[in-house]
Amino acid sequence: MSNLSLEEQARFCLSQGQYSKAETLFLEAFEQNPEQANLLEGVARSMMGRKAWTEAKELYLLLIEQGEGNSAFERRQQLAECYFQLQEHDHWLAQIRSLIESNEVSQDRLVIYAQRLSMFGFQQEALRILNRALRLDDRQVGVHQAFAHVYLKLNERSKAIQSLSAVAALDPSHPSAIKQLSELLNQRVPTWHFPMMNDHPRNQAFEEAIIARLEEGDTVLDIGCGAGLLSLMAARAGAQKVIAVESEPEVAKAASEIFKKNGYDEQIHLVEGRSTSLQVGVDIPSKADLLISEIFDVSLLGEDALNTFRHAQQHLLNPNAKVIPAQAKVWCALVESDELRARFHVDDSCGFDLSTFNRLRDPRVLQLDLGRFDYTLLHEPIAVVDFDFENEISMLGQTLSMAPITQSGRADGFIFWYDLVLAPATEDREAIILSTAPNQENTHWLQGFAPCYDEQRQFTEGDLAQIICGYRRFLLWLQLV
Ligand SMILES: C[S@@+](CC[C@H](N)C(=O)[O-])C[C@H]1O[C@@H](n2cnc3c(N)ncnc32)[C@H](O)[C@@H]1O
């Protein structure tokens, strides 16, 4: 160090984070060379390093007033930083609003200013600054991430998704952006879309039913069109007009591009929104003759199918309109299974009692591939409830079914599945049924398992199990009496 000049020593200390020492050395150097204003700048930087914002601010104000040195722009940036740290927000705003007019401001600074403006609620101004930053270099991850942040504040989730996708494309290892993108997409575009679109038994059965039920001149309504597969099928089958409705903006945007790409954008009219808020004559041109809707989850009703179908019947369909699926039937059976029980229940593990954790189990049904589990049926599967989507739909109901026990055992829960009657039987053909039963080729829904929460309930061969199946809007449950 001793071979270095005072200024060199000061700069070294500054670079090492030894701010107090750097400040003293800069001051000593300035006393020796009072004509060198940049040494005072070193003092101010050291003050900032040790977070002496007021002293630094005063010094920068003095330096700016004297106008010495050739780094006026940088000094104003540092002064702005002091204002920000001192929470003198009006001064900070005035300072940065004049700074950002200059071409000298770097991309990194623009991003920081935009982030802070967004923090104070100036979202549109933040977006303008970020657009400037983007023009400087559109391959900087930080700019896209800052865009996403502002769009989320504005609740413009689709744009936030686009910005985060840009981050992911530039840096696939960016942890926070990837996590945020995945969370946003999962809320709006669940990952089941892909296996569903590739679900051959499902797709084939729907296409068969569409061909079977479509009549010349029919207007088709596809509620929850997703990527648009069923609308495309209807268009290919010769529908004159298809109205495809999709509530998720990102999904609707993709569907619109898919219709165009496949040459059906004239035949299919896409409406973005939830079907239950559509009005004929306002959002859609006319009522429909055929409703196609695949909005089912593993428990059948979880995507609000009852409410959606009922609303469509009352407001969006012509009298006697056909519906695909026309009906649904839910099946279940009580089973004993250590493997399935282990999916929702814990007692003793490695000699410790962990049963307290049982109160944290998810009350929803489990979705699983029954073919991969060992279980014993306590009785033959029984049909517990039917839904008729072509007639009046009730939003709640309950059935009581009797199941003669054929195998003694502990009732751990109900395995269940459903049949969708996509097209009822006619004189010319059999019904077209898509079943999620475990003895059929698996669909992407697989099967459901609803645990029995009354612990250790035992049945003996010859008993009659009484099973309640209840439903209420999007909830379907099974219960032992
Ligand atoms: C299970 S996916 C089916 C997609 C497509 N119909 C298919 O079969 O490939 C259901 C889609 O419907 C949308 N959706 C559900 N209920 C809706 C409603 N009432 N109005 C509009 N879209 C709805 C969801 O956002 C989702 O994209």
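For the structure, check the block above.
Residues numbered from 1 in each chain as written. Predicted model: local features only at pLDDT ≥ 70, side-chain atom pairs only at ≥ 80, totals over all residues. Heavy atoms only, no water.

Enquirer: How do you make sense of the site of the ligand when you look at a structure like this?
Expert: Every one of the 20 residues lining the ligand counts as a neighbour, but Arg202, Gly224, Glu246, Ser247 and Ser275 are closest to it. Within the contact set of the ligand, a nitrogen atom lies 2.7 Å away from a backbone nitrogen or oxygen of Gly224. Considered on its own, the ligand offers 600 Å² of accessible surface; in the complex 96% of this is hidden by protein. Here the ligand is seated within the largest pocket. Elements supplying a minimum of two residues to the shell around the ligand: α12 (193–197) and β2 (241–246). (Near = heavy atom within 4 Å. Polar contact = N/O pair within 3.5 Å; in protein donor to acceptor, adjacent residues only side chain to side chain. Areas by Shrake-Rupley, 256 points an atom, 1.4 Å probe, with all protein chains shown as cover. 1 Å grid on protein atoms, 1.4 Å probe; cavity = no way out; pocket = protein on both sides within 12 Å on 5 of 7 lines; lining within 4 Å. Sits in = over half its atoms within 2 Å of the grid points. Helix = DSSP H or I, 4+ residues; strand = E, 2+ residues; numbered from the N terminus.)

Enquirer: Would you mind showing me how to read the pattern of salt bridges here?
Expert: Where charged atoms from two side chains of opposite charge approach closely, those side chains can pair. Inspection of every chain in the model, using the stated rule, returns 23 salt bridges. Put simply, Lys159 and Glu156 hold a salt bridge, and the shortest N to O gap is 3.1 Å. The exposure class assigned to Lys159 is partly exposed, which follows from its relative accessible area of 38%. Overall, Glu156 belongs to the partly exposed group, its relative accessible area being 29%. Salt bridges sharing partners connect three or more residues here, namely Asp338, Arg341, Arg410 and Asp412. (Salt bridge = Lys/Arg side-chain N within 4 Å of Asp/Glu carboxyl O. Buried < 20%, exposed > 50% of the residue type's maximum accessible area, 1.4 Å probe, protein only.)

Enquirer: How should the pairing of strand β3 (residues 268–272) be read in this particular structure?
Expert: Two faces belong to every sheet, and in a regular strand the side chains alternate between them. Pairing geometry for β2 and β3, over 5 bridges, is parallel. Of the residues in β3, the one forming a bridge with Ala244 is Leu270. Chirality of the crossover, the property in question, places the unit of β2, helix α15 (residues 249–261) and β3 among those that are right-handed. (Pairing = 2+ DSSP bridges. Right-handed = clockwise from strand over helix to strand, strands pointing away.)

Enquirer: Honestly, the packing of aromatic side chains in this entry has me stumped. Any pointers?
Expert: The geometry of two aromatic rings is summed up by the distance between their centres and the angle between their planes. Inspection of every chain in the model, using the stated rule, returns 11 aromatic pairs. Aromatic side chains Phe147 and Tyr151 sit 5.8 Å apart centroid to centroid with 20 degrees between the ring planes, which places their arrangement in the stacked category. Of this pair, Phe147 and Tyr151 both sit in helix α9 (residues 141–153), 4 residues apart, which is roughly one turn of that helix. Note on accessibility: Phe147 and Tyr151 belong to one class, buried. Where Phe387 meets Tyr471, the ring centres are 4.7 Å apart and the plane angle is 70 degrees; that geometry is what we call edge-to-face. Of this pair, Phe387 sits in strand β11 (residues 382–388) while Tyr471 sits in strand β18 (residues 464–472), and the two are 84 residues apart along the sequence. Judged by its relative accessible area of 5%, Phe387 is buried. Every member of this aromatic cluster is reached through a ring pair, and the members are Phe296, Phe309, Phe387, Phe389 and Tyr471. Directly above the aromatic system of Phe122 lies the positively charged group of Arg97, at a separation of 5.0 Å from the ring centroid. (Phe/Tyr/Trp six-rings, centres within 6.5 Å; stacked < 30°, edge-to-face > 60°. Lys NZ or Arg CZ within 6 Å of the ring centre and 35° of its normal.)

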